[in-house]
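Descriptive analysis of the structure
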Amino acid sequence: MKIDYIDTNSYYDWQPGGENHPTQGRRYKHATRVLQQLENEGVVEVNYVTPRGPFLEELELVHSDEYIQQVLSDGECDEWSGSKPDQSAIAAMFFGGTMLAVEMVQGGAQLVVNLPGAKHHAMRTHSSGFCVFADFAAAGIRFADTYGKRVAILDIDVHHGDGTESLLKDRTDLFSFSIHEKGIFPGTGKVDESNKTNWIFNRPLKSGSGDLELQNAVQDFVEAALEFKPDVIMIAGGADGHYSDPLANLEYTEIGFARAARLVKEAFPDLTFIFSGAGGYTPDDFTPAMWLSAILALAGKSDEEIINLEIVERVRTVVSKRGDLYAPQWVSADQEPKELHTEILPGLFMGGTADDDTIEYAKPLSTFEHGIPFDAVVTLYSWAQPMPWGIEELRYGFADAKMSHIDEVRLHRLAEWAYARWQEGKKVLIRCQAGMNRSGLVSALVLMRADYSAEDAIKLLRDKRSEVVLFNDAYVDYLIGLEPKN
Ligand SMILES: [Zn+2]
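As a starting point, this report considers the structure included with it. Note that the coordinates shown come from a computational prediction; the quantities given were computed from them, not determined experimentally. Per chain, the residues get numbers from 1 upward, laid out in the order the sequence is written. A pLDDT threshold of at least 70 governs which residues receive local features in this predicted model, and a stricter bar of 80 or more applies before side-chain atom pairs are shown or counted, although totals over entire chains, interfaces and linings include all residues.

1. Describing the sheet that holds strand β1 (residues 2-6)
Read across the sheet, eight strands follow the order β2-β1-β3-β8-β7-β4-β5-β6 without closing on themselves; strand pairing throughout is parallel. Unpaired on one side and paired on the other, β2 (45-49) and β6 (200-205) mark the two borders of the sheet. The sheet shows a mean angle of 15 degrees between the axes of neighbouring strands, direction not considered. Bridging between β1 and β2 involves five bridges; their strand directions are parallel. Bridging from a neighbouring strand, isoleucine 3 pairs with valine 46 of β2. Being paired, for any two strands, means DSSP has found at least two bridges between them. Put simply, DSSP marks the helices as runs of H or I at least four residues long and the strands as runs of E at least two long, and each gets a number from the N terminus on. Structural elements are reduced to axes, namely lines fitted to C-alpha atoms, with helices fitted over the stretch in contact, and the angle between N-to-C directions of any two is expressed from 0 to 180 degrees.

2. Here we look at the packing of helix α8 (residues 254-267) against helix α9 (residues 286-298)
Orientation of α8 relative to α9, taken along the N-to-C sense of each, is 30 degrees, at an axis distance of 8 Å. One way to sum up the angle between α8 and α9 is to call them roughly parallel. Read as a crossing pair, α8 and α9 show a hand that is right-handed. Across from Glu254, Ile255, Phe257, Ala258, Ala261, Arg262 and Lys265 in α8, the residues of α9 making contact are Phe286, Ala289, Met290, Ser293, Ala294, Leu296, Ala297 and Leu298. Residues are grouped as follows: Ala, Val, Leu, Ile, Met, Phe, Trp, Tyr, Cys and Pro are nonpolar; Asp, Glu, Lys and Arg are charged; every other residue, Gly included, is polar. Looking at the contact of α8 with α9, its residues break down into 11 nonpolar, one polar and three charged. Working definition: roughly parallel below 35 degrees, roughly antiparallel above 145 degrees, roughly perpendicular at 65 to 115 degrees, and oblique for all remaining angles. Note: crossing handedness is left-handed where the near helix turns anticlockwise from the far helix by less than a right angle, and right-handed where it turns clockwise. For every residue pair, C-beta atoms are placed from the backbone, and the pair is scored as a contact if these atoms sit within 7 Å.

3. Digging into the pairing of β1
For β1, the buried fraction is high: four of the five residues fall into the buried class. Orient the strands so they point away from the viewer, and a crossover whose first-strand-to-second-strand path over the helix runs clockwise is right-handed. Note that the unit made of β1, helix α1 (residues 26-40) and β2 has a crossover that is right-handed. With C-beta atoms placed from the backbone, a residue is labelled by how many other C-beta atoms lie within 10 Å of its own: buried for 20 or more, exposed for 12 or fewer, partly exposed between the two.

4. Overview of the nonpolar core
Think of a nonpolar core as buried Ala, Val, Leu, Ile, Met, Phe, Trp, Tyr and Cys residues chained together by C-beta atoms that fall within 7 Å. By size, the foremost hydrophobic cluster in this structure holds 147 residues, and its most contacted members are Ala294, Ile295, Ala418 and Val442. Per-element tally for this core: the top contributor is helix α4 (residues 85-106), with 12 residues. Both domains that furnish three or more residues to this core are identified here as domain 1 (2-319) and domain 2 (333-481). Excluding its chain neighbours within four sequence positions, the residues that come into contact with isoleucine 295 are Ile3, Val113 and Phe275. Reported domain spans reflect what an automatic or database domain assignment gives.

5. Thoughts on the pairing of strand β9 (residues 341-345)
One ladder, built from four bridges, connects β9 with strand β10 (residues 348-351); its direction is antiparallel. Pairing of histidine 341 across the sheet is with glycine 351, part of β10. The turn joining β9 and β10, which pair antiparallel and follow one another in sequence, is formed by two residues; a positive phi near 90 degrees is taken by glycine 347.

Structural data, given as structure tokens:
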């Protein structure tokens, strides 16, 4: 299914409270970059659409004149101090994006995504919870009043959708269902605040709830929505229920989130969907990955397909191109090893990929066209081409950045896998991009299983491969801090 994806560079400049504020527009950029990769690989069909600003009468559907004036003319609202007309303009664009989604649905679109939409805390007369303009409530009203369509809003952001609810609570022709963590901001959304006559539902979850509880709650949404008989479903897909999120305490995973979205899609296979991102405060990995996982599920991808796409690794790879998140000091080209691969100990190789061995060039593995001297390969660079037939390969793509970007369980599994094969007498290659940091990290872990100390392992790798192996200090500190393996 084609995805209509509303996006523009100015979305990425959203930063209402500065650099240390949880809300960062770069999460949209990361999602877009990965979606573009998936499109280039033929995984999804995407139609990119530039948003428009809102029309005054659209804002007036949900906001008072004074408030609209205060934000748009004075550049002021409660989400920042002083006047920030640039942020006001971006907030208006988020709203306009969702209103454009309404028109696109009227024009026949099946799945429209406006990630910065679903600003579900915004109220008639004031902003709240990083939300300036109440786009979902306005879109619901527009669908109902202008086009006679019944809209069901499913809000799976970890916070109660209090703004959307308060703006729609007097309407009997619009449906809102919020699944959120109990007892956190904004403090509302108790079960007894539901009002079935007006199709308002609240389904709070206890802190620590995970994928299963989410799915059960979504099942309740499905049953209520089947009764309501919507024409359009709008999902406020906040990613802040993810286990990593700093602002809340639920335990959703990316694949659990995808399953929740798929449950709705399977219950309403013929309906049109609008998906927006609402909250999500791990901008450099899980927030974009959560969103993309749900979008892929809505576009018809299976769990297995989504898992195999390694979305989190892709986000991290995209992010690692940002200088400020990049831990190592890059070395100059003449310090890089001349050899593509180096034998560290008999049968144990460490190396990188050739330039034409990456997906950017999409060529077959020319480097190895005359046969491969390895039996088993560990690949740590997500853009490296897969190994040809007959070579065992274990892949875990991760950014050459901080240790916090790496799943340690996976990391040690890689070393265990490589060590076991090496001990069987197989020729093993551990490879990353240039063959220095990521491959150095895993190679050192393999050597440490062969009773090398961290210091001796690092020295051996530097003696054999290059003196600048493991110039990423974060990796060296990690290796030296490890307990000795017995
Ligand atoms: Zn939230």
